[in-house]
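Residue strings, one per chain:
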Amino acid sequence: MYDPNNIFARILRGELPCHKVYEDADTLAFMDIMPQSDGHVLVLPKEPAAELFELSEGAAQAAIRTTQRIARAVRDAFEPDGLSIGQFNGAAAGQTVPHVHFHIVPRYADRPLRGHASEPQDPAVLQQHAARIVAALG
Ligand code: 5GP
């Protein structure tokens, strides 16, 4: 059952703010407020679905298309050594917000990842990072 008041549903409706990097008719991408590394972005399909299994084929296509596009921009903006893309289904898998999303997490060889959803980043830093990604999107 989809909870229409989960935090990402509220961001999608514009009821809560986010550091947006990209939006189109089907998807929204913004900075994770507790980034595991610098440049950590979340990509959401707008379609209401808690887990990947419930997502329509069209929304899944839109989500992966945007994920690839944003991942390229994150790579260009931050020049990480690698880049992980993840998507969790269910609390047992580590999902904490019940609206489908893809994590784009730059990986730096000299820096360990911060914990999952554990360390809030300074909003001014998130804004700078979002601006770098927006610039890389062109
Ligand atoms: P999940 O655990 O569901 O895969 O990932 C949820 C992610 O959302 C976590 O990485 C967490 O840091 C992030 N997050 C939680 N609340 C908010 C919020 O209000 N705004 C933003 N931008 N990210 C959030």
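In what follows, the accompanying structure is described. Quantities reported herein were computed from a predicted structural model and do not represent experimental measurements.

Looking at the ligand, there are 18 residues lining it, with Asp32, Thr96, Val97, His103 and His116 nearest. Ile33 places a main-chain nitrogen or oxygen 3.4 Å from a nitrogen atom of the ligand. Contact distances for the ligand include 2.6 Å between an oxygen atom and a side-chain N or O atom of His116. Every element with two or more residues in the shell around the ligand is listed here: α1 (7-12) and β2 (27-31). Among the elements that take part in the shell around the ligand, α1 stands out by supplying 3 residues, more than any other. Taken together, the residues of the shell around the ligand sort by class into 11 nonpolar, 6 polar and 1 charged.

Val21, Val41, Ile70 and Ile133 are the most contacted members of the largest nonpolar core, which has 23 residues in total. Only β1 (20-23), β2, β3 (41-45), α2 (57-78), β5 (102-107) and α3 (123-137) provide two or more residues apiece to this core. Of the residues forming this core, the biggest block, 8 residues, is contributed by α2. Once residues lying within four places of it in the same chain are set aside, the contact partners of Ile70 are Val21, Tyr22, Ala29, Val41, Val43, Ile104 and Leu137. Grouped together as the second largest cluster of nonpolar side chains are 7 residues, Phe8, Ile11, Phe30 and Leu44 included.

Cut-offs and rules
- Here the residue numbers are simple positions, counted from 1 along each chain's written sequence.
- For this predicted model, a pLDDT threshold of at least 70 governs which residues receive local features, and a threshold of 80 or more governs which side-chain atom pairs are given and counted, while totals over whole chains, interfaces and linings are taken from all residues.
- Heavy atoms throughout the structure, all of them, feed into the side-chain values; hydrogens and water do not.
- Near residues are defined by distance, with any heavy atom within 4 Å of the molecule or strand qualifying the residue.
- Polar contacts, as counted here, are pairs of nitrogen or oxygen atoms within 3.5 Å of one another; within protein the pair requires one atom able to donate a hydrogen and one able to accept it, and residues that are adjacent in sequence qualify only if both atoms are side-chain atoms.
- Runs of E in the DSSP output that reach at least two residues are strands. Runs of H or I that reach at least four are helices, and both are numbered from the N terminus.
- Following the grouping adopted for this structure description, the nonpolar residues are Ala, Val, Leu, Ile, Met, Phe, Trp, Tyr, Cys and Pro, the charged ones are Asp, Glu, Lys and Arg, and the polar ones are all others, Gly among them.
- The criterion is simple. A nonpolar core is a set of buried Ala, Val, Leu, Ile, Met, Phe, Trp, Tyr and Cys residues joined through side-chain atoms within 4.5 Å.
- Each residue is placed in one exposure class: buried if its accessible area under a 1.4 Å probe, protein chains only, is under 20% of its type's maximum, exposed if it is over 50%, and partly exposed if it falls in between.
- In this description, contact between two residues means that some pair of their heavy atoms is separated by no more than 4.5 Å.

Geometry only, nothing functional implied.
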